[in-house]
Amino acid sequence: MLRPMEWKSGKLRLLDQTRLPEAEVYLELEDYREVASAIREMRVRGAPAIGLAAAYGLVLGAQKLQTPNRQEFLSELAQVKEELSATRPTAVNLFWALERLWQVAEGEPDPSSLKARLLEEARCLEVEEVAAEQRLGEYGAQLIPDGATVLTHCHTGSLATGGYGTALGIIRVAHERGKRVKVIADETRPRLQGARLTAWELKRLGIPVMVIVDGAAGSFLSRGLIDCVVVGADRVAANGDTANKIGTYSLAVLAMENGVPFYVAAPWSSIDLSLPSGSEIPVEERPEDEITHIRGQRLLPQGVGVANPAFDITPHQYITAIITERGVVREPYVTKLKELISG
Ligand code: MRU
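Everything quoted here is computed from the prediction, not taken from an experiment.

Conventions adopted
- Residues numbered from 1 in each chain as written.
- Predicted model: local features only at pLDDT ≥ 70, side-chain atom pairs only at ≥ 80, totals over all residues.
- Heavy atoms only, no water.
- Helix = DSSP H or I, 4+ residues; strand = E, 2+ residues; numbered from the N terminus.
- Rg over C-alpha atoms; globule rule 2.2 N^0.38 Å.
- Buried < 20%, exposed > 50% of the residue type's maximum accessible area, 1.4 Å probe, protein only.
- Contact = heavy atoms within 4.5 Å.
- Areas by Shrake-Rupley, 256 points an atom, 1.4 Å probe, with all protein chains shown as cover.
- Near = heavy atom within 4 Å.
- Polar contact = N/O pair within 3.5 Å; in protein donor to acceptor, adjacent residues only side chain to side chain.
- 1 Å grid on protein atoms, 1.4 Å probe; cavity = no way out; pocket = protein on both sides within 12 Å on 5 of 7 lines; lining within 4 Å.
- Sits in = over half its atoms within 2 Å of the grid points.
- Nonpolar A, V, L, I, M, F, W, Y, C, P; charged D, E, K, R; others polar.
- Domains from an automatic or database assignment.
- Points joined across faces, edges and corners; volume = space filled by probe spheres on them.
- Core = buried A, V, L, I, M, F, W, Y, C linked by side-chain atoms within 4.5 Å.
- Buried area = accessible area lost by both parts, 1.4 Å probe.
- Salt bridge = Lys/Arg side-chain N within 4 Å of Asp/Glu carboxyl O.
- Phe/Tyr/Trp six-rings, centres within 6.5 Å; stacked < 30°, edge-to-face > 60°.
- Lys NZ or Arg CZ within 6 Å of the ring centre and 35° of its normal.

## Quick word on the overall build of the chain
And step 1. Looking only at helices and strands, the chain has 11 helices and 16 strands in total.
And step 2. Here the chain has a C-alpha radius of gyration of 20 Å; the compact-globule value for 343 residues is 20 Å, and the two agree.
And step 3. Reported as C-alpha extents along the three principal axes, the dimensions of the chain are approximately 65 × 50 × 40 Å.
And step 4. When the 343 residues of the chain are sorted by exposure, 55% land in the buried category.
And step 5. For the chain, the share of sequence-separated contacts (at least 6 apart) that also reach a separation of at least 24 residues comes to 75%.
And step 6. Total accessible area on the chain stands at roughly 14,000 Å², and carbon and sulfur atoms take up 51% of it.

## Here we look at the site of the ligand
And step 1. Near the ligand lie 18 residues; those nearest to it are Arg45, Arg88, Gln193, Asn244 and Lys245.
And step 2. A distance of 2.8 Å is found between an oxygen atom of the ligand and a side-chain nitrogen or oxygen belonging to arginine 88.
And step 3. Within the side chain of aspartate 234, an N or O atom sits 2.8 Å from an oxygen atom of the ligand.
And step 4. Protein chains bury 100% of the 410 Å² of accessible surface belonging to the ligand in isolation.
And step 5. One can see that the ligand is located within the largest cavity.
And step 6. Here the residues of the shell around the ligand are counted per class, giving 7 nonpolar, 7 polar and 4 charged.
And step 7. Structurally, the shell around the ligand is a two-domain feature, drawing no fewer than three residues from each of domain 1 (5-133) and domain 2 (139-342).

## Quick notes on the layout of surface pockets
With a probe scaled to a water molecule rolled over the atoms, the places where space remains empty come into view.
And step 1. If you add up the space inside the largest pocket, you get close to 410 Å³.
And step 2. Those elements that provide at least two residues to the lining of the largest pocket are helix H10 (289-292) and strand E12 (293-294).
And step 3. Looking at the lining of the largest pocket residue by residue, the class counts come to 3 nonpolar, 3 polar and 6 charged.
And step 4. Counted as a void, the second largest pocket has a volume near 170 Å³.
And step 5. Elements with a contribution of two residues or more to the lining of the second largest pocket: helix H4 (92-107) and helix H5 (114-141).
And step 6. The residue makeup of the lining of the second largest pocket, split by class, is 5 nonpolar, 2 polar and 6 charged.
And step 7. Counting residues domain by domain, the lining of the second largest pocket receives three or more from each of domain 1 (5-133) and domain 2 (139-342).

## Considerations on the nonpolar core
And step 1. In terms of nonpolar packing, the biggest core is built from 40 residues, with Met5, Leu12 and Leu77 touching the most fellow members.
And step 2. Every element with two or more residues in this core is listed here: strand E1 (5-8), strand E2 (11-15), strand E3 (26-29), helix H1 (32-40), helix H2 (47-63), helix H3 (70-85), H4 and H5.
And step 3. Among the elements that take part in this core, H2 stands out by supplying 11 residues, more than any other.
And step 4. Within the second largest apolar cluster, 27 residues are counted, among which are Ile319, Val329, Leu337 and Leu340.

## Let's talk about the side chain of asparagine 308
And step 1. Positionally, asparagine 308 belongs in the loop between strand E13 (297-298) and strand E14 (311-314).
And step 2. Exposure remark for asparagine 308: the relative accessible area of 3% places this residue in the buried category.
And step 3. Here the side chain of asparagine 308 touches proline 287 through a polar contact of 3.0 Å, landing on its backbone oxygen.
And step 4. In this structure asparagine 308 touches Pro190, Glu284, Glu285, Arg286, Pro287, Glu290 and Ile291, once residues within four positions along its chain are discounted.

## Quick look at the domain arrangement of the chain
And step 1. Taken domain by domain, the chain holds domain 1 (5-133) and domain 2 (139-342).
And step 2. A straight line from the C-alpha centre of domain 1 to that of domain 2 covers 25 Å.
And step 3. On the domain 2 side, the residues contacting the 28 residues of domain 1 number 35 residues.
And step 4. Regarding the contact of domain 1 and domain 2, the summed buried area is about 2,500 Å², with carbon and sulfur atoms giving 53% of it.
And step 5. Considering only the side of domain 1, the residues that lose the most area to domain 2 are Arg45, Thr90 and Glu133, jointly responsible for 25% of the buried surface there.
And step 6. The interface formed by domain 1 and domain 2 contains 2 salt bridges.
And step 7. Counting every contact that joins domain 1 to domain 2 gives 22 residue pairs in polar contact (both at pLDDT 80 or more).
And step 8. For the side of domain 1 that touches domain 2, the elements supplying multiple residues, two or more each, are H2, H4 and H5.

## Remarks on the packing of aromatic side chains
To describe a pair of aromatic rings, you give the distance between the ring centres and the angle between the ring planes.
And step 1. Under the criterion given, the structure shown has 2 aromatic pairs.
And step 2. Ring centres 5.5 Å apart and planes at 15° place the aromatic pair tryptophan 7 and tyrosine 56 in the stacked group. Placement of the pair is tryptophan 7 in strand E1 and tyrosine 56 in helix H2, with a sequence separation of 49 residues. The same class applies to tryptophan 7 as to tyrosine 56, namely buried.
And step 3. Pairing tyrosine 249 with tyrosine 318 gives two aromatic rings, centres 6.2 Å apart and planes at 70°, and the pair type is edge-to-face. Of the two residues, tyrosine 249 is situated in helix H9 (residues 248-257) and tyrosine 318 in the loop between E14 and strand E15 (321-324); the sequence distance between them amounts to 69 residues.
And step 4. Residue tyrosine 249 is classed as partly exposed on the basis of its relative accessible area, which comes to 36%.
And step 5. Arginine 13 extends its terminal NZ or CZ atom over the ring of tyrosine 26, reaching a point 4.0 Å from the ring centre.
And step 6. Note that arginine 223 overlies the ring of phenylalanine 220, its terminal NZ or CZ placed 4.9 Å from the centroid.

Okay, structure coming up:
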């Protein structure tokens, strides 16, 4: 299984996603600040992968702390947690993973065990995440008809997750179960996650894929060329409103207009029941040069205004079903998601 990261000899080894598909470059990170930069610069990206990287970042931060005093240790660790939390605001997985480790730190009375306990918990999160993705994939694959053409947006495969994938994990299970699935991948401006990463991963898996520009999706949907849309999520609010890569909302509206099912694949770590609706989800604004430049080459005239929201919110009424490792839920999400808490 292709893995976005690996804990090895006290370091975090990350596959630099900004270099793909041209080069497979691994970064060896020893300092939590390097992890924070890697998340901010999207060398590691995708909601579950961001959460796991942050968890290992906290472990790296803890390992450098010298104090034998438990209170001092916790207050220095809180600073590390804060810096890691400030990297990207939308994917709730980041805060969820840091909080899981923080609970372990606070609950551990023996200061000499703290570092080892944090590492153990980070490893545990990674194992749980992969298992969740595999279960989610099994549930989701049942919704994909044999011979289906599936439209997806951004990148939700191994590298964006614990290692199996969410929306792409569903496609992967369907393919492994013998269903003849074809994928149409939006290129996903401005960072081209679809063109660079979805296409790269699906090619490796032997799943047929064709890349289209984002603006072509409506035309494909209206011509009856798509059987279903499956996307991932950065955060799902209690009412089912979903934050995902910019362009997802347009796809959802176009899917409904054309009578095509629109599925969101979200592990439980992406669900935030503390927010009643999508309007409370913070949407990251990324640097302007992601739009003004491609590989250092300026595209726009100087002085032209640019807006670069990295995510949008799809209102729940456009979502046919949300697929989690605890089951598949449909409207009314506000009650159905809560029912899964105990699952
Ligand atoms: O800005 P990115 O590339 O981190 O955004 C990623 C997405 O929007 C994904 O669809 C989402 O995180 C789900 S990844 C399983």
